[in-house]
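Descriptive structure summary
Now for the letters of each chain:
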Protein chains: 2
Amino acid sequence: MLRTAYSRAFPHATLRRAAIALAGARLLSTSASPKLHRSPPLSGANPPMEFPCIDRIESRQRDLMAGPEPTYEKVVTGYELFTHDKAFVCDHGGLLPSLDIAYETWGELNADRSNAILIHTGLSASSHAHSHAKNTNPGWWEKFIGPGKAIDTDRFFVVCTNVIGGCYGSTGPWSADPATGKRYATTFPLLTINDIVRAQFLLLDHLRIDRLYASVGASMGGMQSLCAAALHPSRVGRLISISACARSHPYSIALRFAQRQALMADPNFNRGFYYDGVLPHIGMKLARQVATVTYRSGPEWELRFGRRRRAPDQPPALCPDFLIETYLDHQSERFCLQYDANSLLYVSKAMDMFDISKSVTQRLHAQREHARAELKQNPRSSNSGNHTVCMNVDDQPQSAAGNSAIETSDEITDDLVAGVKDAMQPALILGVQSDILFPVKQQKEIADILRRAGNSRVTYYELDAMYGHDTFLIDVVNVGAAIKGHLENDI
Amino acid sequence: MLRTAYSRAFPHATLRRAAIALAGARLLSTSASPKLHRSPPLSGANPPMEFPCIDRIESRQRDLMAGPEPTYEKVVTGYELFTHDKAFVCDHGGLLPSLDIAYETWGELNADRSNAILIHTGLSASSHAHSHAKNTNPGWWEKFIGPGKAIDTDRFFVVCTNVIGGCYGSTGPWSADPATGKRYATTFPLLTINDIVRAQFLLLDHLRIDRLYASVGASMGGMQSLCAAALHPSRVGRLISISACARSHPYSIALRFAQRQALMADPNFNRGFYYDGVLPHIGMKLARQVATVTYRSGPEWELRFGRRRRAPDQPPALCPDFLIETYLDHQSERFCLQYDANSLLYVSKAMDMFDISKSVTQRLHAQREHARAELKQNPRSSNSGNHTVCMNVDDQPQSAAGNSAIETSDEITDDLVAGVKDAMQPALILGVQSDILFPVKQQKEIADILRRAGNSRVTYYELDAMYGHDTFLIDVVNVGAAIKGHLENDI
């Protein structure tokens, strides 16, 4: 039904043709360029270098111009869809007139509805954490979920959602704005981690789950997990946060910023309005290359690739040459058409803004209430979103999300401790020593603030695994055992 | 005189006009795009996001199309120029029919010409390490050089060169190929770190300096320094290597690969033949952003920027928003027109290929000799460069630069030890614990292989400084003292 609605909303033959004409002009200028370089000085001291990786990018550009419109619906299938058809007001004042949440479940909800575990995903993951009858592809946490596994589906009813802002079924920039019938693109409102979590609790309301047995997540999923435990404490029984943080530090912001810039600089990006034209596949590929470097660590690559080359009997090349380069190239090649660029922008920005400090939570709450009041007066739309000036909330401290009055490290810690003062659930905080994106220092910080807030049941582990940030996806022996122990320990 | 030669070589009014027309077509397609987004669904749930950072990129593109041709000659001035007017055969078989080396000196060469120190630069630095009468701008190592300083110009005659492959006076892709009168662009031959060092020794020959008092360098400069000490041992008295490595590991290759890909994917790059058109300024900016993240570390940014925002009374934005983002934006903005994209490609590739292992050195030596022999038979040009197949050198082992027979970590270490067996000079190896690009593990490796090779005068220090890889540029207290101690210690 939703798909039919989309098809009705985009009878965009004309607009698409115009966009393709523009893209054509762009490619023409690119494809004309080789003429300049294919008449190199043949009598020069050396022959010109070859650029097979650029040839491939240009060939993909041509394919995309000729091919069908983009769709992310085929990437992940078999999920359930919950539609919340009331307005959802976002923390920064933006509005979603209605909300879809794609979700999948495993195991059985027990009679008193007390055995539900919510799994929160990382940045670009879908709800497909594990295979099932409607989608037999292995999920992104396939080995961690199942009968007898770390998250035991014989004991627990497991739920996983696609985050709002994503592109795998939940409402995101690729969705149609009901107010116009057109895709949101970058009229989509800014999201926070708590917006994502609040949307998940709407789904839990629908499933009549008042209280989760546990909230579990790694990376951005760990942010959601901490957020759920701290801001919705009555609904969370146990907390697991793996390789996440209590507030994003500038180094990880910088790494995500570099990715967003690569994406936005792609001429196809067109300020987010690319759905009727050619996807910003080049920017996505570049962004993914940077991301992959931050997800893995040196020790693993040293063992796996070392300094081995793709074609050792050939001279070195500027295009992928060492095996580590071809690995990054293939990785990013696969990703660049499978995840929506606008989703990457919005969801990664939500990660940057994450800060569980009390002052930040208070300020966002005040903004949301302000926008709600405005919406009541003018129900057609919200003008508080995106680029109007934030209202002045005189009784709120300027938060650490802004240029804070809070400056010293003691004040920052106190603000964080106050922010988690209601998170008294048994908590497992897990860090990986080779993680450069969410270093163990940040894992210790989560454990410390929980303990200082008075939580006496905080377990803190550090792993010396070699997979860096991605350890949570791979190391079922260590990560799996820690999860299982925490979930099944009778405390 | 050189400049006059360039002017004669590029009376390119026609070619330039054609290139600008092409770039115009490209910009047209870009500048037409806003029309798509400036008619957003005004009645939508939210207003569209703003993209001032994309506006700025487009405005720079227009400025560059209207402005004068690129020049790097104005970025650094006041250097001396040495021209070696014989053919220079590169390790990978490429040919430079003649060679310019830009250099600067400080202090006085003593009577027996025994007090010379050669400073090797990092990737994008010029010969301007310190100010002097012909260029009073502060140099990149201003505080480390001078009377009484770490490198004491009252005692030493200090030389610094722009590396070949660079764009600040030495022969690089931006230089004219004497065979054609046109700029090399990507007909420039692949370089190795030893090519760079061999060119520097040609300059030292010209200055009649047989033996350096010391060879000093950090980052890529440390690679050169180690290379000089190991492969030209009779010419190097002492060795200082800071934050470098004995062989590039896959993690740092991956980080440089991501930068090169961003650069090459810029439509203006045109496979390196952009000198008559618009520079690939967007790709350079993106590459610099990634580079800057790898040059600095978390601890410093946490203190310097924390989570402070540019305009805390404004709502969050997808363009630069946190102070760390505006910092990266400004940093890269300044750099993107000041360093040549092709230089970045060639010099960073030389870093990736660096491996002081004996098998690699032997193989490169054999390749060079092979190319020299070919050149004698056909003096007009070398066809061994860039993309012809390497010859089979049967009596050489397949090297670690290829898919090596050498696989185990013991064999790799033995090969490295054999590679530095002649580097018996007093050596200072300095590492920084917060450096993610050249981690201390790699610094220890240099010290270990030198010691295992029999060098009994290896000093190894680790600093807990917070500036990451860039510590060598900043921390004059710790880095400066270590250098001074090593240079002036009577051993």
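Quick caveat: nothing in here was measured; it's all calculated off a predicted structure. Once a new chain begins, its residue numbering starts again from 1 and follows that chain's sequence as written. Written order determines the labels here, with chains lettered from A and ligands numbered from 1. Local features in this predicted model are restricted to residues of pLDDT 70 or higher, and side-chain atom pairs are both shown and tallied only at a pLDDT of 80 or more, whereas totals for entire chains, interfaces and linings draw on every residue. Note: side-chain values were computed over all heavy atoms of the structure, leaving out hydrogens and water.

Quick notes on the overall build of chain A
This is how it is decided: Each helix is a run of H or I in the DSSP string that is no shorter than four residues. Each strand is a run of E no shorter than two, and both are numbered from the N terminus. Computed with the Shrake-Rupley method and a 1.4 Å probe, the accessible areas treat only the protein chains shown as cover for residues.
Of the regular secondary structure elements, chain A holds 15 helices and twelve strands. Of the roughly 17,700 Å² of accessible surface on chain A, a fraction of 52% belongs to carbon and sulfur atoms.

A few points about the packing of helix 7 (residues 281-295) of chain A against helix 9 (residues 323-335) of chain A
All names here are of chain A. This is how the line gets drawn: A fitted line through C-alpha atoms represents every axis, and for helices the fit uses only the stretch in contact; the resulting angles, taken between N-to-C directions, go from 0 to 180 degrees. Small angles under 35 degrees read as roughly parallel and large ones over 145 as roughly antiparallel, with 65 to 115 read as roughly perpendicular and the rest as oblique. In this scheme, a crossing is called left-handed if the near helix is turned counterclockwise away from the far one by less than a right angle; it is called right-handed if the turn is clockwise. Pairs of residues are marked as contacts when any of their non-hydrogen atoms sit within 4.5 Å. In this count, Pro and Cys sit with the nonpolar residues alongside Ala, Val, Leu, Ile, Met, Phe, Trp and Tyr, while Asp, Glu, Lys and Arg are called charged and the others, Gly among them, polar.
Their axes nearest at 8 Å, the elements helix 7 and helix 9 cross at an angle of 125°. Regarding the angle of helix 7 to helix 9, the classification is oblique. The crossing of helix 7 and helix 9 is right-handed. Here helix 7 contributes Met284, Lys285, Arg288, Gln289, Thr292 and Val293 to the contact with helix 9, which in turn contributes Tyr327, Leu328, Asp329, Gln331, Ser332, Glu333 and Phe335. Looking at the contact of helix 7 with helix 9, its residues break down into five nonpolar, four polar and four charged.

A word on the pattern of salt bridges
Note the threshold: A side-chain nitrogen of Lys or Arg and a carboxyl oxygen of Asp or Glu constitute a salt bridge if their distance falls within 4 Å. Buried residues are those whose accessible area, probed at 1.4 Å on protein chains only, stays under 20% of the maximum for their type, while exposed residues exceed 50% and partly exposed ones sit between those limits.
Going through the model one piece at a time under the given rule, you end up with 54 salt bridges over all chains. Note that Glu325(A) is salt-bridged to Arg260(B), the shortest N-O span being 2.7 Å. Residue Glu325(A) is found in helix 9, and its partner Arg260(B) is found in helix 6 (residues 250-264); the two belong to separate chains. Across this residue pair, the class does not change: Glu325(A) and Arg260(B) are buried. One salt bridge connects Arg296(B) with Glu300(B), and the closest N-O pair in it is separated by 3.0 Å. When its relative accessible area of 5% is taken as the criterion, Glu300(B) is described as buried. What emerges from the salt-bridge pattern is a single network uniting Arg56(A), Arg60(A), Lys285(A), Asp329(A) and Glu333(A).

Side note on the state of the cysteines
Residues and elements named next belong to chain A. Cut-off, in case you're wondering: Cysteine sulfur atoms that come within 2.5 Å of each other are treated as a disulfide pair.
In this structure the tally under the stated criterion is two disulfides over all chains. Note that Cys53 is cross-linked by a disulfide to Cys319, the S-S spacing being 1.8 Å. Linking Cys53 and Cys319, the disulfide has an S-S dihedral of approximately -70° and is accordingly described as left-handed. A residue pair is termed long-range when its members are at least 10 positions apart, and Cys53 in helix 3 (residues 52-66) and Cys319 in the loop between helix 8 (298-304) and helix 9 qualify at 266 residues. Accessibility assignment for this pair places Cys53 and Cys319 in one class, buried.

Overview of the sheet that holds strand 1 (residues 80-84) of chain B
Residue and element names in this part refer to chain B. Put simply, the test is: The pairing criterion is simple: DSSP has to find at least two bridges between the two strands.
The strand order across the open sheet built from eight strands is 1-4-8-5-9-10-11-12, with neighbouring strands paired in mixed fashion. Whereas interior strands pair on both sides, the edge strands pair on one side only; in this sheet they are strand 1 and strand 12 (458-463). Averaged over all pairs of adjacent strands, the angle between strand axes in this sheet comes to 20°, irrespective of strand direction. As defined by bridge partners, strand 9 (residues 214-218) adjoins strand 10 (residues 239-242) across four bridges and the pair is classed as parallel. Its bridge partner being in strand 10, Gly217 is matched across the sheet by Ser241.

Topic: the domain arrangement of chain A
Residue and element names in this part refer to chain A. Filter applied, for reference: Boundaries between domains were set according to an automatic or database domain assignment. Buried area: the sum, over both parts, of the accessible surface (1.4 Å probe) that disappears when the two are put together. Counting of polar contacts relies on pairs of N or O atoms within 3.5 Å, with two restrictions inside protein: one atom must be capable of donating a hydrogen and the other of accepting it, and residues adjacent in sequence are counted only when both atoms are side-chain atoms.
Each assigned domain of chain A is listed here: domain 1 (80-246 + 356-488) and domain 2 (252-348). The straight-line distance from the C-alpha centre of domain 1 to that of domain 2 is 26 Å. Listed per partner, the contact involves 29 residues of domain 1 and 25 residues of domain 2. With both sides pooled, the region where domain 1 packs onto domain 2 buries about 2,400 Å², and carbon together with sulfur makes up 67% of that total. Counting every contact that joins domain 1 to domain 2 gives one salt bridge. Across the salt bridge formed by Asp470 and Arg296, the nearest N and O atoms sit 3.0 Å from each other. Our count for the domain 1 to domain 2 interface comes out at eleven residue pairs in polar contact (both at pLDDT 80 or more).

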